Amino acid sequence: MQAFTVEQVRRLERAAMGPQDDGTLMQRAAAGLAAVLADELRTRAGHVYGTHVLVLVGPGNNGGDALWAAARLARRGVRVDAVGVLGTPHAEGLAALRAAGGRVVGTEALAALDAYDLAVDGVLGIGGRPGLPDDVADLVGRLADACVPVVAVDLPSGVAADTGAVPGAAVSAAVTVTFGVAKPCHLLEPARARTGRLVLVDIGLDTSAEEPELDAWDAARVADAWPWPARSSDKYAKGVVGVDCGSETYPGAGIMATYGAVHGGAGMVRFVGPESARATITANLPDVVFAPGRVQAHLLGSGWGERADGDRAVADAVASEVPGVLDADGIGHRPDRLPDSWLLTPHAGELARLLGIERSEVEDDPLAAVRAGAGRTGATVLLKGATQLVARPGVRTVEVAVPGPSWTGRAGSGDTLGGLCAAVLASGRPAHEAAVLGASLQAQTAAAHPGPLPPHVLAERCADRLGAWWQERHP
Ligand SMILES: NC(=O)C1=CN([C@@H]2O[C@H](COP(=O)(O)OP(=O)(O)OC[C@H]3O[C@@H](n4cnc5c(N)ncnc54)[C@H](OP(=O)(O)O)[C@@H]3O)[C@@H](O)[C@H]2O)[C@@H](O)CC1
Ligand SMILES: Nc1ncnc2c1ncn2[C@@H]1O[C@H](COP(=O)(O)OP(=O)(O)O)[C@@H](O)[C@H]1O
Ligand SMILES: [K+]
C-alpha cells in the first residue's frame with residue numbers, strides 16, 4: 001500500500017476535479033463512507049434500519065463527507081444525530097441531512113451516549129492541525145468510556161496526517177474510511193494504532209505522476225520477494241555472512257547476530273567476533289566457521305561497546321567492496337560516507353546520535369529523520385521500532401516493513417534482526433530489500449507466535465516461517 005502527503009493529495013484532488021469543485025469527489029467519498037457505515041451497523045447491530053448513529057461534525061469538508069454520508073443512512077431508516085463540535089458545519093451537507101430526516105443537535109441535547117450504535121468522526125481531515133480542542137476531546141473521551149465504536153472519516157481527528165505523530169488528544173477509531181489514497185498517519189505509529197481497520201474508497205485519483213511518500217509491504221509481497229535459492233544454488237550462491245559482533249562485555253550480541261544470519265538462510269556464516277562467544281556458538285550452531293575468509297556481506301557493530309579499533313574494523317570491511325550491515329555501537333565508527341549497498345540499522349536513539357538531535361525529534365517525525373540519516377551517510381538506513389522505515393539516499397519514497405507485535409522489542413532483537421538482514425544482503429539483494437525483508441520476517445514470525453520469545457528462539461522460528469512459505473510455494 002502506498003501513502004501520499006497532504007500536499008500530494010491536494011494536488012491529486014485538484015487534477016481529478018478540474019478547475020471547478022462541483023462536489024463530485026465529495027459525493028463519491030460520501031457514498032463509499034455510507035456503504036462502510038451500513039456494513040458496520042449490520043455487523044455490530046445485526047441490521048441497518050432503526051439503528052442510532054451520532055455524527056461529530058467539524059468546520060471543513062471532512063464534516064461535509066460525514067453529513068452527506070449520514071443523509072444516505074437517514075434515508076435508509078437510521079436515526080442520525082449530528083452535532084457541530086467545531087466551527088460552522090458544511091452548509092449543503094447539513095441541509096441534505098436535515099432533508100433526509102436527520103436531527104442536528106447541540107452537545108447538551110445528546111441522548112445518553114451508550115444509546116448510539118456507532119459514532120462518526122467527521123471533525124478534522126487532512127486540513128486538521130494535530131490535537132483537539134478540550135470540549136471535543138472531552139466528548140471523544142466520553143464516547144470511548146461508553147464503548148461506542150467510532151468510524152473515522154479520512155483519518156482519526158487529532159493525529160498529524162503527514163508524520164503519524166499524536167502530540168495531543170485524538171480520536172481512536174475502530175475503522176477509518178479514507179479516500180483515494182492512504183496518508184502517512186495510517187501507516188506510521190502512533191497514529192496507526194488509532195486508525196483501526198483501514199478501508200480505502202476509490203474516488204478516481206490518478207497517482208501515476210506522483211512518487212509516493214511511503215511504500216508499505218504486506219505479507220504476500222515479502223514471501224514473493226524473498227531470495228529463495230535456485231535448485232542449483234550452493235552455499236556460495238546463497239551467500240556467506242561475516243559476523244564481527246559482540247565483545248568480551250557483550251558476547252550475547254555476537255551469538256544472537258549469528259543466530260539471525262544462520263536462520264535467515266545464509267549459505268555460510270563466518271564468525272570473527274570475540275573468543276567468549278565461540279563456545280556457545282559451536283555448541284548451538286556447529287555449522288558456523290571461525291576461520292576468516294571471503295564473505296558476500298559483513299555484519300558489524302552489535303554489542304561492540306567501547307571498541308578501540310572500531311574505525312579500522314569498519315573501514316576494512318567497507319574497503320573490501322562487499323556490502324554490509326552496520327548496527328548499534330558500530331554506527332559511531334562509520335566513515336563520513338558509505339556506499340548505499342551498506343545498511344545502517346539504528347533505533348531512534350542511535351539515529352538521533354547520528355544526526356546530532358534529540359531522540360524525541362526522531363520519534364516526532366521518524367520519516368524526516370530516516371531520510372536525513374540516509375542523506376547524511378550515503379547508506380541505506382533501517383530505523384527500527386514499532387514502525388520500521390527504510391530510506392535510501394536520493395530516493396524520496398520510504399519503505400515500511402510489515403509491522404509486528406510490540407513484544408518483539410527486547411534486548412537482542414536488534415542483533416538477530418541485523419543477522420537476518422545480512423543473510424538477505426549476502427544473497428545479492430540490494431540493501432533496502434535486505435532491510436525490509438529481514439524486518440518483515442522478524443515481525444511476521446513474532447506475530448504468528450502466541451507469546452514473547454527470546455531473540456535467539458525467535459530467530460529459529462524465522463527459519464520455520466521461511467520453511468512454511470517455501471512449502472506453500474513448492475507443494
Ligand atoms: N478536497 C477534496 O476534493 C476532497 C476532500 N475530501 C474531504 O475533505 C477533507 C479535507 O477538508 P478541508 O480541507 O476542508 O479540511 P478539514 O480537515 O475538514 O478541516 C479544516 C478546518 O478545520 C480547522 N481546524 C484544523 N485543525 C484544527 C484544530 N486542531 N482545532 C480546531 N480547528 C481546526 C481549520 O481551521 P483554520 O485552519 O482555518 O484555523 C479548518 O477550518 C478530507 O480530509 C476529506 O475528508 C473528500 O470529500 C474528497 C474530496
Ligand atoms: N513496539 C514495537 N513493535 C514491534 N517491534 C518492535 C517494537 N519495538 C522494537 N521493535 C523491534 O525490536 C527490535 C529491537 O531492536 P534494538 O532496539 O536495536 O534492540 P537491541 O539493540 O537490544 O538488540 C527491532 O527489530 C525493532 O524493530
Ligand atoms: K476525521
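Residues numbered from 1 in each chain as written. Chains lettered and ligands numbered in written order. Predicted model: local features only at pLDDT ≥ 70, side-chain atom pairs only at ≥ 80, totals over all residues. Heavy atoms only, no water.

The name an unreviewed UniProt entry assigns to the chain is NAD(P)H-hydrate epimerase, from the organism Microlunatus sagamiharensis.

Focus: the pairing of strand β13 (residues 324-327)
The side-chain alternation of β13 yields two buried faces, one formed by Gly 324 and Leu 326 and the other by Val 325 and Asp 327. Judged from the three bridges that link them, strand β12 (residues 297-300) and β13 form a sheet pairing that is parallel. Pairing of Leu 300 across the sheet is with Leu 326, part of β13. Taken together, β12, helix α11 (residues 310-319) and β13 constitute a β-α-β crossover, and its handedness is right-handed. (Buried < 20%, exposed > 50% of the residue type's maximum accessible area, 1.4 Å probe, protein only. Helix = DSSP H or I, 4+ residues; strand = E, 2+ residues; numbered from the N terminus. Pairing = 2+ DSSP bridges. Right-handed = clockwise from strand over helix to strand, strands pointing away.)

Considerations on the sheet that holds strand β11 (residues 268-271)
Strand order in the open sheet made by the ten strands is β1-β9-β17-β16-β15-β14-β13-β12-β10-β11, with mixed pairing throughout. The open sheet terminates on both sides in strands that have one partner only, identified here as β1 (2-3) and β11. Strand direction decides the pairing type here: strand β10 (residues 240-244) and β11, joined by four bridges, are parallel. The partner of Val 240 across the bridge, within β11, is Met 268.

Concerning the packing of aromatic side chains
The geometry of an aromatic ring pair comes down to the distance between the two centres and the angle between the two planes. One pass over the structure, following the stated rule, counts two aromatic pairs. Measuring from centroid to centroid gives 6.2 Å for Phe 271 and Phe 290, while their planes differ by 85°, and the two rings are edge-to-face. Taken together, the residues span a long stretch of sequence, with Phe 271 in strand β11 and Phe 290 in the loop between α10 (275-284) and β12 at a distance of 19 residues. You can call Phe 290 partly exposed: its relative accessible area is 24%. (Phe/Tyr/Trp six-rings, centres within 6.5 Å; stacked < 30°, edge-to-face > 60°.)

Side note on the domain arrangement of the chain
Per the domain assignment, the segments of the chain are domain 1 (2-210) and domain 2 (219-473). Each of domain 1 and domain 2 has a C-alpha centre, and these two points are 40 Å apart. Contacts between the two partners involve nine residues from domain 1, matched on the other side by ten residues from domain 2. Each partner contributes to the roughly 660 Å² buried at the junction of domain 1 and domain 2, and carbon and sulfur atoms together form 61% of this total. Area buried by domain 1 at its contact with domain 2 is led by Thr 163, Leu 188 and Glu 189, which between them contribute 54% of it. For the pair domain 1 and domain 2, the number of links is zero salt bridges. Taken together, the links from domain 1 to domain 2 amount to one residue pair in polar contact (both at pLDDT 80 or more). Residues of the side of domain 1 that touches domain 2, tallied by class, amount to three nonpolar, three polar and three charged. (Domains from an automatic or database assignment. Contact = heavy atoms within 4.5 Å. Buried area = accessible area lost by both parts, 1.4 Å probe. Salt bridge = Lys/Arg side-chain N within 4 Å of Asp/Glu carboxyl O. Polar contact = N/O pair within 3.5 Å; in protein donor to acceptor, adjacent residues only side chain to side chain. Nonpolar A, V, L, I, M, F, W, Y, C, P; charged D, E, K, R; others polar.)

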